[in-house]
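Given next are the chains, with one letter for each unit.
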Amino acid sequence: MSEDNLHSFQEQVADLLLRHRSFLDVTSKLQEANARVVRALMKAVTECGCIEVNASRQAIPDDLTTSDWKNHFQTHLSGKLCDHCLDVVKHEMGKHLFYVAALCNLLHISIPEVLKQESDHLSTLGVFHLR
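Procedures and definitions
- Residues numbered from 1 in each chain as written.
- Predicted model: local features only at pLDDT ≥ 70, side-chain atom pairs only at ≥ 80, totals over all residues.
- Heavy atoms only, no water.
- Helix = DSSP H or I, 4+ residues; strand = E, 2+ residues; numbered from the N terminus.
- Rg over C-alpha atoms; globule rule 2.2 N^0.38 Å.
- Buried < 20%, exposed > 50% of the residue type's maximum accessible area, 1.4 Å probe, protein only.
- Areas by Shrake-Rupley, 256 points an atom, 1.4 Å probe, with all protein chains shown as cover.
- Lys, Arg positive; Asp, Glu negative; His and termini not counted.
- Charge placed at Lys NZ, Arg CZ, Asp CG, Glu CD.
- Phe/Tyr/Trp six-rings, centres within 6.5 Å; stacked < 30°, edge-to-face > 60°.
- Salt bridge = Lys/Arg side-chain N within 4 Å of Asp/Glu carboxyl O.
- Expected span 1.5 Å × (residues − 1).
- Contact = heavy atoms within 4.5 Å.
- Axes fitted to C-alpha atoms, helices over the stretch in contact; angles between N-to-C directions.
- Parallel < 35°, antiparallel > 145°, perpendicular 65-115°, else oblique.
- Nonpolar A, V, L, I, M, F, W, Y, C, P; charged D, E, K, R; others polar.

Where an unreviewed UniProt entry is consulted, the protein chain appears under the name DUF1573 domain-containing protein, with the organism given as Laceyella sacchari.

Caption draft 1: Highlighting the overall build of the protein chain. A count of helical and extended segments in the protein chain gives five helices and two strands. The C-alpha radius of gyration computed for the protein chain amounts to 19 Å, which surpasses the reference 14 Å derived for 131 residues by more than 25%, pointing to a less compact arrangement than a globule. With the C-alpha coordinates aligned to their principal axes, the bounding extent of the protein chain is approximately 55 × 40 × 25 Å. Going through the 131 residues of the protein chain one by one, you find that 19% of them count as buried. As presented, the protein chain carries roughly 9900 Å² of accessible surface, and 56% of it is formed by carbon and sulfur atoms. When the 13 basic and 17 acidic side-chain charges of the protein chain are each reduced to a single mean position, those positions are 6 Å apart.

Caption draft 2: Main features of the packing of aromatic side chains. The tally for this structure, following the rule as stated, stands at one aromatic pair. Centroid distance Phe-98 to Tyr-99: 5.0 Å. Interplanar angle 80°. Geometry classified as edge-to-face. Accessibility expressed as a relative area gives 15% for Tyr-99, which makes it buried.

Caption draft 3: Main features of the pattern of salt bridges. Taken as a whole and assessed by the stated rule, the structure comprises three salt bridges. For Glu-92, the salt bridge is made with Arg-36, and the minimal N-O distance between the two is 3.2 Å. In this pair, Glu-92 is assigned in helix α4 (residues 83-106) and Arg-36 in helix α2 (residues 23-48), connecting sequence segments 56 residues apart. The closest approach of N and O atoms between Arg-39 and Glu-47, which form a salt bridge, is 4.0 Å. Taking the relative accessible area as the measure of exposure, Arg-39 reaches 45% and is therefore partly exposed.

Caption draft 4: View of α2. Taking 1.5 Å of rise per residue, 26 residues should cover 38 Å, and α2 covers 36 Å from first to last C-alpha, within 8% of that figure. The set of residues buried in α2 consists of Val-26, Leu-30, Ala-33, Val-37, Ala-40 and Ala-44. Next to the buried residues of α2 lie β1 (51-53) and α4. One or two residues past the end of α2 sits Gly-49, with phi positive at roughly 85°.

Caption draft 5: The arrangement of the packing of helix α1 (residues 3-16) against helix α5 (residues 111-125) in detail. Two elements in contact, α1 and α5, have axes separated by 8 Å at closest approach and are oriented at 135°. On the basis of their axis angle, the class for α1 and α5 is oblique. Every residue of α5 that contacts α1 at Glu-3, Leu-6, His-7 and Gln-10 is listed here: Ile-111, Pro-112 and Leu-115. Each residue belonging to the contact of α1 with α5 can be placed in one class, and the counts come to four nonpolar, two polar and one charged.

The structure is reproduced here in structure tokens:
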């Protein structure tokens, strides 16, 4: 998504968020939206079964270089979201992004600036940032 599209989305959220403009409302709705994303993913596992989780400790062999980690580590996921679950997850993620944008608006923070700052930070620190 281009910077113009991100600005447009943020402005659209500002125009549409009327009733729940309170910082308290927005932060609680953001938390609720996050929980709904997680719940939709858990239902894809437990009710639909289109994806499965098989998790265990991820050991790092001593002879593995940092650049090889990406190919070594597992996501713990197998399968693919079915069309229905994908639609639900995307819908819930959209709501979550709406409230992230709303919170940015209340705090006078530009989403593209946040993304640029994080991208610059990741570029500078690389994989060592994630340790």
